[in-house]
Amino acid sequence: MSAKVTAACGLGWFCAALAGLVMNPLPGVAAESNLKLEALLIWGTNDAQSSDPKHKPAAPEVRKKLQELPFKWTSYFVINRKVLEVPAKGSVKVAVSEKCDIEVKNLGNATVEVSLFGKHEHVLNRKQALPKGETMVLGGNAPNATSWFVVLKQTEATATAESQPGK
Amino acid sequence: MMDYDSQLKVQARLDGELAAQEVPELEARLAEDSEAQALLAELEMTRGALAGFEAGVKLPESPELFWSKIQREIRREIQREIQRGPKPAEASRWASVFAGWQRWLAPVGAVAGVMAAVLVIGRSERAPEVETYLADSGAFTYHDFAARTTLVWLSYPADNELVDSEEPDTLD
């Protein structure tokens, strides 16, 4: 086999290893620490105004995030906002509405396991990395051809009294 | 609770993919079963809510053509090896072992390089770059790499998770 082919296959392996590092950085690089998260309950609709004056339009950056998703809604209203501080290896459960709770487990390395409860029944469990700048959106249909969303992301803000202690 | 096969049939009906002989049976069920009606309405709403969804990492050419190029290169290399004839007898034992591995390293290395290129290019170009998958029958995940956003959409069962609205839940 020629030296050129050997060099080419070596280059191939090198590229593969490099791509592996780019896609999955080495574990343990990010320190285990508390995660400060913001959870927003949002209503997506084509109505320009919400019938409830307490519902405020979503902040521009949140609205932009949601508009990047493949949905047709033109308006997004914030129904509720919670700030959670999830201790390392711990979990926090909060009610985002009377019918909907979320539980977030901090698995370390900015990875979370999110459980969604509807009417106190476990609906969904999802594990994923949620580093700063990454956003997780849970969503579903709401009455009258509208949608609900729970937007979850890391925040720099200090956890408030709204947070519940880790279990 | 509808079984999974029945749910798939409702989805197939919506997609126009249900076998003709199964349509009357499903229509009869839809006329009587409120849960089946709710599922159909939910799926219709979900389809309506999704606007302009188009997923996919695309190769610059068809996968068959892409793979055939790799295959041709492997065959060409094997032909070259055959034409060169056997290696000199004085080659050491370790050299021959390495040569045996090289036979595999070349094609596998080439494929690994191509995959690495697709992965890296796929992350850096064309927005939105998305992947979708069904984690279970009631939810799908949409990941937009460019926007760094993951959407988990719950399509079933339908419910109003927002607030205790005065309006009745349409799908309850």
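1. Looking at helix α1 (residues 4-15) of chain B
Residue and element names in this part refer to chain B.
Piece 1. For α1, with twelve residues, the first-to-last C-alpha span of 17 Å sits near the 16 Å given by 1.5 Å per residue.
Piece 2. Inspection of α1 places S6, Q7, V10, A12 and L14 among the buried residues, and these make up the whole buried set.
Piece 3. Buried residues along α1 sit in contact with α2 (23-32) and α3 (34-49).
Piece 4. The N-cap of α1, judged by a side-chain oxygen 3.1 Å from the amide nitrogen of D5 a few residues on, is D3.
Piece 5. Directly beyond the C-terminal end of α1, a positive phi value near 70° is found at G16.

2. A short note on the nonpolar core
Note on soluble globular proteins: their nonpolar side chains tend to be buried together.
Piece 1. Grouped together as the largest cluster of nonpolar side chains are 29 residues, with contacts concentrated most on I102, V104, L138 and L152 of chain A.
Piece 2. For this core, the secondary structure elements donating two or more residues are β1 (35-45), β3 (75-86), β4 (91-95), β5 (100-108), β6 (111-118), β8 (135-142) and β9 (146-154) of chain A together with β3 (149-154) of chain B.
Piece 3. Element by element, the count of residues in this core is highest for β1 of chain A, at five residues.
Piece 4. Sequence-distant contacts of L138 of chain A, defined by excluding residues within four places in its chain, comprise V114, L116, L124, W148, F149 and V150 of chain A together with V152 of chain B.
Piece 5. The next biggest cluster of nonpolar side chains, apart from the first, holds 18 residues, and it includes I42, Y76, V78 and V151 of chain A.

3. Things to note about the pattern of salt bridges
Piece 1. Counted under the stated rule, the structure contains ten salt bridges over all chains.
Piece 2. E134 of chain A is paired through a salt bridge with R148 of chain B; the nearest N and O atoms lie 3.3 Å apart. Within this pair, whereas E134 of chain A is found in the loop between β7 (121-129) and β8, its partner R148 of chain B is found in the loop between β2 (139-144) and β3, the two belonging to separate chains.
Piece 3. The exposure class of R148 of chain B is partly exposed, given its relative accessible area of 34%.
Piece 4. Its salt-bridge partner being E73 of chain B, residue R76 of chain B comes within 3.0 Å of it at the nearest N-O pair. Separated by three residues within a single helix, R76 of chain B and E73 of chain B lie in helix α4 (residues 63-84), roughly one turn from each other.
Piece 5. Judged by relative accessible area, R76 of chain B falls into the partly exposed class, the value being 42%.
Piece 6. Bridged by salt links that share partners, the residues E38, R81 and K153 of chain A form one connected network.

Rules used throughout
Residues numbered from 1 in each chain as written. Chains lettered and ligands numbered in written order. Predicted model: local features only at pLDDT ≥ 70, side-chain atom pairs only at ≥ 80, totals over all residues. Heavy atoms only, no water. Helix = DSSP H or I, 4+ residues; strand = E, 2+ residues; numbered from the N terminus. Expected span 1.5 Å × (residues − 1). Buried < 20%, exposed > 50% of the residue type's maximum accessible area, 1.4 Å probe, protein only. Contact = heavy atoms within 4.5 Å. Polar contact = N/O pair within 3.5 Å; in protein donor to acceptor, adjacent residues only side chain to side chain. Core = buried A, V, L, I, M, F, W, Y, C linked by side-chain atoms within 4.5 Å. Salt bridge = Lys/Arg side-chain N within 4 Å of Asp/Glu carboxyl O.

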